[in-house]
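Survey of secondary and tertiary structure
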Amino acid sequence: MAESSQFSRLIHGWTQIDDGKGATREFDDFVSSNDFLVVDCNGIEFIDARSMVWNVAFGHNQPSISAAVAAQMNRLTSVPTLDGQATATARCLAERLTGLTGMSRVYLSLSGSAANEVAITIARDYQTAIGIPERRVIVSLKLGYHGQSIGTLPLAGFSGLQMPGAPESLDYALVPNCYCYRCPVGQAREICNIECADSAIARIEALRPDRVAALIIEPIQGSVGHPPPVEWFKRLADYLKKHGILLIVDEVANGFARLGNNFAFEAFRIQPDVLTLSKAITNGALPMAATLTTAEVTNVLIEAGWTPSFGSTQDGNPVCAAAALATLDILEAEDWASRAQYLGKRLDKMLRREIGNHPNVGEIRGMGLFRAVELVQNRATRSAFKKTEALAKELKDRRLLVRCDGGIIIIAPPLSTPHEVIDEIAFRVGAALRSTSGS
Ligand code: PLP
């Protein structure tokens, strides 16, 4: 097949299919990768400072993952964990994941969206099992994202994502998030008493807590990259516990050492009732996701004689499970969490040095090796940055892959990235911004 970015019959997610005027759209057509680099069909090397979709956490092309996948391919390729069927590979993965997280049971699926749908079903089934089936509402946070399936789209806290496709349902509700730079309750970080948590709680009170099955949160929202204070989590978690509302922690993007702890719930000192994982679970090599429950949740379901109402053809696929097991070996072989902290601090320092005083830089923030630069048109008024598209092009022209959307640059390179390359990422961001803004 010709390696060309010309005509393609592919429909690409989140991408306008055609401009309707016959113009051929240029796609980034990648042909190979290695560690923090990806190479396009013209032989141009890009620094992958977004780990593709935040999933290639330990660097592209890990030989041990390829070997594990090949070995499993030659042994047994397709036995789903459905209808009483099992494989040692999937069982072993469940064992390893529970060991790492302290959770009790695991359902394996194939995407973050699917893992969150399973989490929603489990939360509602749990409430039914304890005799309160009317508790069905799933609460999520403004600016959050939990997937693109029909069941997870309504959880997204963006108006754009709630438009086509998302079912209108009273079983979902949004509450204010914690976003200090643009505080949803108009407070200033230096003097606030975390009123945004109280505001979220007040919204749940207004909904009536006895109708709410669960709250789902991303510890750090991928859209804004803002780490809420530990107290924010505590206040919400205490409220949920008091009212029997489950806490679903979506670590699809945050998990596996990225934020400076193996799991984000450890960093923020919260205990999820249900935890979802995906993305880095196979280092991006194959689809895999996990929904994990605590012993308390599991026991309630077991006592109620629960039979899951979910199960998809490839769930628990042994080849994908083998990729995940090899990834967990990589995770456990090194102190990646400390490395994420070290590289994150270095990136933060370099970004501040490069663009900290730039008139369009509103805030530089983040945690571990997940960093955000929020751009503004005017620092005093914090008005929306007007040149996101032009900046995205400048970044690409400088052979740098980052997420650049809505005036926010999210930088999350693989944790294996050498520190000189971390510096280079900051230089390229600075050069692209200066070129876009002309200052
Ligand atoms: N949850 C979070 C926090 C995510 O960032 C994403 C994807 O970006 C998802 C869920 C959905 O995962 P997937 O794209 O694998 O369906």
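Up top you'll find the structure we're talking about.
Everything quoted here is computed from the prediction, not taken from an experiment. (Residues numbered from 1 in each chain as written. Predicted model: local features only at pLDDT ≥ 70, side-chain atom pairs only at ≥ 80, totals over all residues. Heavy atoms only, no water.)

Quick word on the packing of aromatic side chains
A complete count under the given rule lists 10 aromatic pairs for this structure. On the basis of an interplanar angle of 75° and a centroid distance of 5.2 Å, the ring pair of Trp-54 and Phe-370 is categorised as edge-to-face. Here Trp-54 is found in helix α1 (residues 51–54), whereas its partner Phe-370 is found in strand β12 (residues 370–378), with 316 residues between them in sequence. The residues Trp-54 and Phe-370 share a single accessibility class, namely buried. Residues Phe-256 and Phe-263 carry aromatic rings whose centres are separated by 5.4 Å and whose planes lie at 65° to one another, so their mutual orientation is edge-to-face. With relative accessibility at 1%, the residue Phe-256 sits in the buried group. According to the relative accessible area criterion, Phe-263 is buried, its value standing at 0%. (Phe/Tyr/Trp six-rings, centres within 6.5 Å; stacked < 30°, edge-to-face > 60°. Helix = DSSP H or I, 4+ residues; strand = E, 2+ residues; numbered from the N terminus. Buried < 20%, exposed > 50% of the residue type's maximum accessible area, 1.4 Å probe, protein only.)

So, the site of the ligand
In the vicinity of the ligand, the residues found are Ser-111, Gly-112, Ser-113, Asn-116, Tyr-145, His-146, Gly-147, Glu-218, Asp-250, Val-252, Ala-253 and Lys-279. At 2.8 Å, a backbone N or O of Gly-112 approaches an oxygen atom of the ligand. A distance of 3.5 Å separates a nitrogen atom of the ligand from a polar atom in the backbone of Tyr-145. Coverage of the ligand by the protein amounts to 84% of the 390 Å² it exposes when considered alone. Residue composition of the shell around the ligand, by class: three nonpolar, six polar and three charged. (Near = heavy atom within 4 Å. Polar contact = N/O pair within 3.5 Å; in protein donor to acceptor, adjacent residues only side chain to side chain. Areas by Shrake-Rupley, 256 points an atom, 1.4 Å probe, with all protein chains shown as cover. Nonpolar A, V, L, I, M, F, W, Y, C, P; charged D, E, K, R; others polar.)

What to know about the pairing of strand β16 (residues 408–411)
The side-chain alternation of β16 yields two buried faces, one formed by Ile-408 and Ile-410 and the other by Ile-409 and Ile-411. Direction of pairing for β12 relative to β16: antiparallel, over a ladder of four bridges. Counted as the bridge partner of Ala-372 is Ile-410 from β16. Here strand β15 (residues 403–405) pairs with β16 via three bridges, running antiparallel. The residue bridging Asp-405 from the neighbouring strand is Ile-408, located in β16. Taken together, β15 and the strand that follows it, β16, pair antiparallel across an intervening segment of two residues, in which Gly-406 is found at a positive phi of about 55°. (Pairing = 2+ DSSP bridges.)

In short, geometric facts, not functional conclusions.
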